[in-house]
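Coordinate inspection notes
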Amino acid sequence: MQRHLRSAWLRTLAYSFLWLCLAALVGALAGQVWMALAIVAILTLGWHHWRLRGLILRSLSRRRLPPATGSSSWDALENLIAHNQRQTRARKRRLLEMLQAYRAAADALPDAVVVVDRNTQRIEWFNQAAGPLLGLQGMADRGKALVQRLQPMPLAHWLTAGRHAEPILDATSPHDPNIRLHLRLVPYSDHRWLLVARDVTKLLHLERVRRDFVANVSHELRTPLTVVHGYLDMMEPEDFPGTGPMLEEMRKQSQRMTQLVEDLLTLSRLEAQSPGELDTVSMAPVLATLQREANALSQGRHVVTLEDDGSVDLLGSVRELHSAFSNLVSNAVRYTPEGGSIAIRLARDGQGATLSVRDTGYGIASQHIPRLTERFYRVSSSRSRESGGTGLGLSIVKHILGLHNAHLVIHSEVGKGSEFSCRFDASHVTVRNDTDSVPKEPATP
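What you see is a predicted model; the values in this text were computed from it and never measured.

Read across the open sheet, the 3 strands follow the order 6-8-13; overall the sheet is antiparallel. Two strands lie at the open edges of the sheet, namely strand 6 (279-281) and strand 13 (429-431), each paired on one side alone. The mean inter-strand angle of the sheet, taken between neighbouring strand axes irrespective of direction, is 40 degrees. Pairing between strand 8 (residues 312-316) and strand 13: 3 bridges, direction antiparallel. Of the residues in strand 13, the one forming a bridge with Asp313 is Thr430.

Structure, rendered in structure tokens:
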């Protein structure tokens, strides 16, 4: 107990004892000691109840009352309550100012921010940008079901995934069909979600312009490269003494340029392509073809093994899937020193399936792995030039897997090799039927 409170309490106790002593003295003189004590005790109790009533009224008052001027414990208690009330008001004022600042900051954001109740999936709050981007207006939309209010956006199954929901990269705004949105769900507490919608219309437009530019330039380069390559094939070293190594290098570089153009066209086509119909891809002949291609590219310099659990096939495009798997296999052969091993494996992975290509090559440092699927990204430029790679293979793999609702997982360690795994979910996996006739092997794209 603080010193001034203790002093006030002792002072009030001393006053009460003094009044009782005076009452006993007066009662003794009048011959009515107990009567005098009872009267003073009742008066003292009444005074305390009156002060308690005043304390309750003071604590309930919303006005700022002047401090008590007495020295009793009740006055000290009133002043303590008044002090706590002032602190509480100051704290509330600071919290209100902070809340207003945060709301002003949220309203200043160009992205739409919507607070959603996790259990009911109803809208609790949204900022100003949610108006032009999502069509939410004022108090009328607060408390409304988010899925119903943002129709026809496909949000029902997306919200069901909760914290595991993947961002929606491209969605049409329900308010303006010309606006394209990137949606992200952030579960920031146990009871609330944060829906963030970003306008990516300009970014998608720029991406489309870039894609069209690359496709057009690559297409225009085809003809001059074909002409150059044709003339180089017609030139024989015997006709031009001393130019043999130079002609061979020119042919090599023109072939590399042609492959680069073809890869750019393939990548542009995949970027503009939507998921198509799902055909059953018999994996037994695909795997056999991959093993033969690896042996042909290796020319006996590596040990190529194949493991197929024989229980699943994939659903999708046989041409595209073979292209993706072939890229991984050719990379493993190119970047594995002579005498190394390459293992191709298809196995069940829960309800899905995984095709992996493991090698004992040079390995990749961890800082490079997140960027391997970027266009033209190279861990070692000199090694890539020696192997004849274009730097687009893994980008093509990534886009093909994206069209098949799959993803690429990379594990690698320098000096110990790498493993590239294509993981397919249950929607693109089917049980293999051994009684089916074996289809033709896919053509190498």
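So much for the structure itself; the text now carries on.
Moving on, we get to the environment of Ala284. Note on placement: Ala284 falls in helix 9 (residues 283-298). For Ala284, a relative accessible area of 40% gives the class partly exposed. When the C-alpha positions of Ala284 and Leu18 are compared, they lie 106 Å apart, and in sequence the two are 266 residues distant. In this view, Ala284 contacts Asp308 and Arg432; residues no more than four positions away in its chain are not counted.

Turning next to the layout of surface pockets. By volume, the second largest pocket amounts to about 1200 Å³. Lining the second largest pocket are 26 residues, with Pro167, Ile168, Leu169, Asp170 and Leu204 positioned closest to its centre. Put simply, the parts of the chain that give the lining of the second largest pocket at least two residues each are strand 3 (168-172), helix 7 (201-234), helix 8 (244-272) and helix 12 (393-403). Partitioning the lining of the second largest pocket into residue classes produces 10 nonpolar, 7 polar and 9 charged.

This next bit is on the nonpolar core. Residues Met283, Leu314, Phe325, Leu328, Leu408, Phe420 and Phe424 are the most contacted members of the largest nonpolar core, which totals 44 residues. Here this core takes 7 residues from helix 10 (residues 318-334), the largest share from any one element. No fewer than three residues from each of domain 3 (209-272) and domain 4 (279-431) sit in this core. Excluding residues within four positions of it along the chain, Leu328 makes contact with Val357, Leu394, Val397, Leu408, Phe420 and Cys422. Counting residues in each nonpolar core, the second largest holds 25 residues, with Val116, Leu150, Met153 and Leu159 among its members.

The terminal C-alpha atoms of helix 2 (residues 33-60) lie 41 Å apart, and with 28 residues this matches the ideal 40 Å at 1.5 Å per residue to within 8%. Among all positions in helix 2, only Ala36, Val40, Arg51, Leu55 and Arg58 are buried.

It is worth spelling out the packing of helix 8 against helix 12 at this point. Two packed helices can be described by the angle between their axes and the distance between those axes. Packing of helix 8 against helix 12 leaves a shortest axis separation of 10 Å and a crossing angle of 25 degrees. Classed by the angle they form, the pair helix 8 and helix 12 counts as roughly parallel. Considering only the axes of helix 8 and helix 12, their crossing is left-handed. Packed against helix 8, whose contacting residues are Asp263, Thr266, Leu267, Leu270 and Glu271, the element helix 12 presents Ser395, Ile396, His399, Ile400 and Leu403 at the interface. For the contact of helix 8 with helix 12, the residue count by class is 5 nonpolar, 3 polar and 2 charged.

Attention now goes to the UniProt feature "transmembrane region" (unreviewed entry) in the protein. Mapped onto the present numbering, the UniProt feature "transmembrane region" (unreviewed entry) falls at residues 12-30. In residues 12-30, the share of helix is 100% and the share of strand is 0%. The end C-alpha atoms are 27 Å apart.

Cut-offs applied
- Residues numbered from 1 in each chain as written.
- Predicted model: local features only at pLDDT ≥ 70, side-chain atom pairs only at ≥ 80, totals over all residues.
- Heavy atoms only, no water.
- Pairing = 2+ DSSP bridges.
- Helix = DSSP H or I, 4+ residues; strand = E, 2+ residues; numbered from the N terminus.
- Axes fitted to C-alpha atoms, helices over the stretch in contact; angles between N-to-C directions.
- Buried < 20%, exposed > 50% of the residue type's maximum accessible area, 1.4 Å probe, protein only.
- Contact = heavy atoms within 4.5 Å.
- 1 Å grid on protein atoms, 1.4 Å probe; cavity = no way out; pocket = protein on both sides within 12 Å on 5 of 7 lines; lining within 4 Å.
- Points joined across faces, edges and corners; volume = space filled by probe spheres on them.
- Nonpolar A, V, L, I, M, F, W, Y, C, P; charged D, E, K, R; others polar.
- Core = buried A, V, L, I, M, F, W, Y, C linked by side-chain atoms within 4.5 Å.
- Domains from an automatic or database assignment.
- Expected span 1.5 Å × (residues − 1).
- Parallel < 35°, antiparallel > 145°, perpendicular 65-115°, else oblique.
- Left-handed = near helix turned anticlockwise from the far one by under 90°.
- UniProt positions renumbered as here; feature names shortened; annotations may be inferred.

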